[in-house]
Amino acid sequence: PAQTMEELVSLCKRRGFIFQSSEIYGGLQGFYDYGPLGVELKNNIKNAWWRANVHERDDMEGLDASIIMHRLALRHSGHEATFNDPMVDNKKTKKRYRLDHLIKDQKADVLAKVAAAVNEAPENIAAVSARLMEQPARAAEILVEAGVRDAFSGEVGEWTEPRPFNMMFKTSIGPVADEDSFGYLRPETAQGIFVNFKNVVDSTSRRLPFGIAQIGKAFRNEITPRNFVFRVREMEQMEIEFFVAPGTDEEWHEHWLEQRLKWWEDQGVPRQKIIVEDVPADDLAHYSKRTYDLMYDFPTLGHDEIEGIANRTDFDLGSHTKGQAELGLTAQVMENSDSVAKLTIPHPETNKPVVPFVIEPSAGVDRALLAVLSEAYHKETLENGNERTVLKLRPHLAPIKVAVIPLARNKPELVDLARRIKADLQRLGLGRILLEDSGNIGKAYRRHDEVGTPYCVTVDFDTVGKGEDASLTDTVTIRDRDTLAQERVAIADLAEWLTARLR
Ligand code: ATP
């Protein structure tokens, strides 16, 4: 696996996985563009998730809701009031920080002083930050007294009182931009699922338990975007809202934890690299009864969240439903006189209308891509002493499945045959097959090792009957990315050979 974030960033840029957004204009912080190989890898991750969670299950429906949502949807979801991160400014440098990030980045002795001042353990940054937010005036003093430093200037900071900062992006809708004409870019895909609950139930006749899955962009105006695509302002999420009868929620929560760990394993992210954090009660989001955070051991960063699996009780549908008073909700919800829909479903046993509980496995595509890349990344010394960088991606995730390489670029018979083989393989629907006619086979192998292409198929003079061994006519060489073994296979058997290994 990768040892540092640096080597991943460098590979991503060099080989066309990820670029900084609007780079030629100086870049935009917290935004990234996925390049030719990045888009393939990202699509493959999303497809793997969709296949496992929608197609291969009998209790799931898919959805693709709009990104811009009604302001009332995000008011009743609780985001207008509570989707805040604590923010502080350095009065001198005018740099702005997320409070918990700022204290987390301090030297151990400084961090210990801050934590001691609020009677919390230095490991528990979320709690330290929360205690500081409860007493903003005192918090500013604590930061100064402890000698909290500005990450940019390195100087001991002069800090403002921390204050909540709402992370939702707003945008105006329609030709008149006034107080009332705005909507929000969704900060999570989940709300699009909740507001469509009734539509999906009515159109599919689903009964409990069942889920709705969605993959899509979400936007958060992060105060300190950082660590490459780990924390960005425009991200993509893969979310499931799984609806269950109250009382069965804890069992389903365990089911989903198991399913999701298995999925990560299938993507090449092993269980030993993930710590399942049972989020302590006082760190839980207000809607959650229990949450498991899957913390992957990122290079440089250390353990940080790739997925959250939350038991959200009846909070979400309870918040968006009309007629809340008669529904016997267990969650504390804001009064809703705006919704026109009753978000109930018959209880599987009593048949009486009930607001279901929700189990939510929510994963970030960008963080998944980073974890997958990090696990796949290997530096190896070959027998001949040469070093190579190789991405040992699972074949179903590889951006390029097969590179077809004519041994010489200036020999039309080799190039034409390679082109025909490429076109035939492309029709198998395995993913991207690349015609690699750069002419230098050594370089081609190195490049394809570095971008994780599982197989290179070489068309040489033997293939076209002009080599020394006539028995090799109409055969090609297949080179295996991981073992470097080379095998001679008949062109006629190529489709079957590759399909068996790539599907
Ligand atoms: P964090 O504590 O790291 O800010 P979070 O707990 O707010 O994350 P959730 O709201 O649980 O994150 O979002 C679910 C998933 O979406 C996360 O596990 C992560 O994979 C992804 N995600 C959230 N925020 C970002 C971001 N700014 N950039 C990239 N991915 C993100």
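Residues numbered from 1 in each chain as written. Predicted model: local features only at pLDDT ≥ 70, side-chain atom pairs only at ≥ 80, totals over all residues. Heavy atoms only, no water.

Chemist: For the pairing of strand β24 (residues 486-490), give the residues involved together with the corresponding values.
Modeler: In this sheet, β24 lies alongside strand β23 (residues 475-480) in antiparallel orientation, the contact comprising five bridges. Bridge assignment links R479 to a residue of β24, and that residue is Q486. In this structure, the hairpin formed by β23 and β24 is closed by a connection of five residues, where L484 is found at a positive phi of approximately 65°. (Pairing = 2+ DSSP bridges. Helix = DSSP H or I, 4+ residues; strand = E, 2+ residues; numbered from the N terminus.)

Chemist: Before we move on, can you summarise the site of the ligand with the specific residues and values?
Modeler: Among the 16 residues in the neighbourhood of the ligand, the closest are listed as E222, R231, V232, E305 and G364. The backbone of F230 places a nitrogen or oxygen atom 3.3 Å from a nitrogen atom of the ligand. R367 has a polar side-chain atom sitting 3.2 Å from an oxygen atom of the ligand. The residue makeup of the shell around the ligand, split by class, is five nonpolar, four polar and seven charged. (Near = heavy atom within 4 Å. Polar contact = N/O pair within 3.5 Å; in protein donor to acceptor, adjacent residues only side chain to side chain. Nonpolar A, V, L, I, M, F, W, Y, C, P; charged D, E, K, R; others polar.)

Chemist: Could you give me a rundown of the sheet that holds strand β21 (residues 433-435), with the residues and numbers involved?
Modeler: Judged by pairing direction, the sheet is mixed, and its five strands sit side by side in the order β21-β20-β22-β23-β24 without closing on themselves. Strands at the two margins of the open sheet, each flanked by one partner only, are β21 and β24. Going from strand to strand, the sheet's axes swing by 25° on average, the running direction of each strand aside. The strands that helix α14 (residues 412-426) touches are β20 (402-406), β21, β22 (455-459) and β23; relative to β20, the one it contacts most, it runs at about 165°. (Axes fitted to C-alpha atoms, helices over the stretch in contact; angles between N-to-C directions. Contact = heavy atoms within 4.5 Å.)

Chemist: So what about a nonpolar patch on the surface? Which residues, and what values?
Modeler: Nonpolar side chains collect at one region of the surface, where I67, I68 and I173 lie side by side and expose about 230 Å² of accessible area between them. Inspection of the secondary structure assignment puts I173 in the loop between β8 (170-172) and β9 (182-185). Residue classification places I173 among the partly exposed positions, given a relative accessible area of 46%. (Patch = residues over 30% accessible without salt bridge, like charges linked within 9 Å, V, L, I, M, F, W, Y side chains within 5 Å. Areas by Shrake-Rupley, 256 points an atom, 1.4 Å probe, with all protein chains shown as cover. Salt bridge = Lys/Arg side-chain N within 4 Å of Asp/Glu carboxyl O. Buried < 20%, exposed > 50% of the residue type's maximum accessible area, 1.4 Å probe, protein only.)

Chemist: Residue-level account of the nonpolar core, with values.
Modeler: Side chains of nonpolar character tend, in soluble globular proteins, to be buried together. Within the largest apolar cluster, 59 residues are counted, with the highest numbers of intra-cluster contacts made by L41, I45, M238 and W264. Considering each element in turn, this core owes the most residues, eight residues, to helix α13 (residues 365-376). In contact with L41, not counting residues within four places along its chain, are F17, L369, V372, L373, L393, L397 and P399. The next biggest cluster of nonpolar side chains, apart from the first, holds 21 residues, and it includes A190, V201, A341 and I345. (Core = buried A, V, L, I, M, F, W, Y, C linked by side-chain atoms within 4.5 Å.)

Chemist: Tell me what's going on with α14, and back it up with residues and numbers.
Modeler: For the α-helix, the turn length of 3.6 residues means that residues three or four positions removed from each other point alike. Helix length check: α14 (15 residues) gives 21 Å between terminal C-alpha atoms against 21 Å at 1.5 Å per residue, within 8%. Within α14 the residues assigned to the buried category are L414, V415, L417, A418, I421 and L425. With its buried residues spanning 165° around the axis, α14 presents them on a single face. Facing away from the buried side of α14, by more than 90 degrees, are the exposed residues P412 and R420. Those residues of α14 hidden inside the fold are in contact with β20, β21, β22, β23 and α16 (491-502). (Expected span 1.5 Å × (residues − 1). Arc of directions from axis to C-beta.)

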